[in-house]
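Remarks on the overall topology
The primary structure of each chain is shown beneath.
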Amino acid sequence: MASGKEIRTKIKSVQNTRKITKAMEMVAASKTRKAQGRMRAARPFAEKIRRLAANLSQANDPDYKQPFLGSKGQVRRVCVIVVTTDKGLCGGLNTNVQRVALNAMKDWESSGVTEIRACAIGNKGLGFMQRMGAKVVSNVTQLGDTPHLEKLIGPVKVMLDAFQNDELDAVYVAYTRFINTMKQEPVLEQLLPLTGDKLGTPDSSWDYLYEPDPQVVIDELLVRYVEALVYQAVAENMASEQSARMVAMKAASDNAKTVIGDLQLVYNKTRQAAI
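Residues numbered from 1 in each chain as written. Predicted model: local features only at pLDDT ≥ 70, side-chain atom pairs only at ≥ 80, totals over all residues. Heavy atoms only, no water.

**Quick notes on the packing of aromatic side chains**
Rules: In this analysis, rings of Phe, Tyr and Trp, with Trp reduced to its six-membered ring, are considered paired at centre separations within 6.5 Å, and the interplanar angle assigns stacked below 30 degrees, edge-to-face beyond 60, and tilted for intermediate values. Counting from the N terminus, the helices are the DSSP runs of H or I reaching at least four residues and the strands are the DSSP runs of E reaching at least two. Three labels apply to residues, based on accessible area from a 1.4 Å probe with only protein chains included: buried if under 20% of the type maximum, exposed if over 50%, partly exposed otherwise in between.
Inspection of the entire model under this criterion finds one aromatic pair. Consider the rings of Trp 108 and Tyr 172, whose centres lie 5.0 Å apart with planes at 40°: the pair is tilted. Pair noted here: Trp 108 is in helix α2 (residues 93-110) and Tyr 172 is in strand β4 (residues 170-180), with a separation of 64 residues, a long-range link. Across this residue pair, the class does not change: Trp 108 and Tyr 172 are buried.

**Points about the sheet that holds strand β2 (residues 115-121)**
Convention followed: Only strands that DSSP links by at least two bridges are regarded as paired with each other. The axes are straight lines fitted to the C-alpha atoms, using for helices just the contacting stretch, and the angles between their N-to-C directions are given from 0 to 180°.
What the five strands build is an open sheet, ordered β3-β2-β1-β4-β5; its pairing is mixed. Either end of the sheet is taken by a strand with one partner, and the two such strands are β3 (135-140) and β5 (183-192). Ignoring which end each strand starts from, the neighbouring axes of this sheet average 20° apart. Relative to β4, strand β1 (residues 77-83) runs parallel, the two sharing five bridges. Among the inter-strand pairings, Val 78 is bridged to a residue of β4, identified as Ala 170.

**Observations concerning the nonpolar core**
Note the following rule: Side-chain atoms within 4.5 Å are what join buried Ala, Val, Leu, Ile, Met, Phe, Trp, Tyr and Cys residues into a set we call a nonpolar core. Only heavy atoms matter for contacts: two residues are in contact if any of them lie within 4.5 Å across the pair.
Counting 39 residues, the largest nonpolar core has Phe 68, Ile 81, Ile 121, Val 171, Leu 191, Leu 192 and Leu 222 as its most contacted members. Elements that contribute at least two residues to this core include exactly α1 (4-57), β1, β2, α4 (149-164), β4, β5 and α6 (214-274). With 12 residues, α6 is the single largest residue contributor to this core. With residues up to four places along the chain from it excluded, the contact list for Leu 192 reads Phe 68, Leu 160, Phe 163, Asp 169, Ala 170, Val 171 and Val 226. Within the second largest apolar cluster, 16 residues are counted, among which are Val 80, Val 82, Ala 118 and Phe 128.

**Here's the deal with the packing of α2 against helix α3 (residues 123-131)**
Our working definition: Throughout, the term roughly parallel applies to angles under 35 degrees, roughly antiparallel to angles over 145, roughly perpendicular to angles from 65 to 115, and oblique to all others. By convention the crossing between two helices is left-handed if the near helix lies anticlockwise of the far one by an angle smaller than a right angle, and right-handed if it lies clockwise.
Relative to each other, α2 and α3 sit at 40°, their axes nearing to 11 Å. When the interaxial angle is binned, α2 and α3 end up oblique. Pair α2 / α3 crosses with right-handed handedness. The segment α2 lies against α3, with Asn 94, Gln 98, Ala 101, Leu 102 and Met 105 engaging Lys 124, Gly 125, Phe 128 and Met 129.

**Some details on α4**
Using the following cut-off: Take the residue count of a helix, subtract one, and multiply by 1.5 Å to get its expected span. Two axes are fitted around each residue, one to the seven residues ending there and one to the seven starting there, and the angle between them is reported as the bend at that residue.
Taking 1.5 Å per residue, 16 residues should reach 22 Å; α4 reaches 21 Å between its end C-alpha atoms and fits that length. When the local axis directions of α4 are compared, the greatest deviation, roughly 30°, occurs at Pro 155. Contact partners of the buried residues in α4: β1, β2, β3, β4, β5 and α6.

**Notes on the pairing of β3**
Short version of the rule: With its strands directed away from the observer, a crossover is right-handed exactly when the path from the first strand over the helix to the second travels clockwise.
Two elements, β2 and β3, share five bridges in a ladder whose sense is parallel. Considered in β3, the bridge of Ala 118 is made with Val 136. The parallel pair β2 and β3 is bridged by α3, and the resulting crossover is right-handed.

Keep in mind these numbers describe shape, not what the thing actually does.
Okay, here's the thing in structure tokens:
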């Protein structure tokens, strides 16, 4: 049996660890409210521009057909944007979305896809893709606690340019969708091409008048649409990250409290035996 001094040292060590996890829990709780506010503020814009793009895709005989709209036929070249966190200590958040991306890549390879590219948003996803030997064509890390669209435009533009130049047949994004504080769901969504299944069927058909001309308006709108979807995915992932970290740190603090209680009991028994 360990001596009383050794047990006291263990108790002190666990108490110090509990102070750290408790502080991290409180910080995460504060950041969670802000992250959820940003995420919920971005949702109406994403839904609005999604509805507009859906109406545009079903417009009657548009003068210009944008490359982002409609299927390219058989899919041979795919890119997946993996949205993860820069830091750890958030439970299985990153592991779950990485598993979704990895399973999708395996399914694509078995279905005849010849080339798979990756875009990593977040340090954890970048490290995972490099370990898997994936072809990482663009990445962005150290986004901080607030998503900034100007930091995301560069990596996203690499994907858009490759798609427009017929170097890619489809682009997907994998991220963690925020459900509530206790539940976050890893999802894989298709970004390009923008098909009816992705956009949804509008309630009625629309005709548009374009100024100055259809090509300029449609190109700009659909690029903004894709950027809005990526921004929304990053905002959802950040809200999920803070919620998952808060829950994980609370569980760690509770476990530390239990361990301290058990060690205190052993210490008391050891002291009684020595007396």
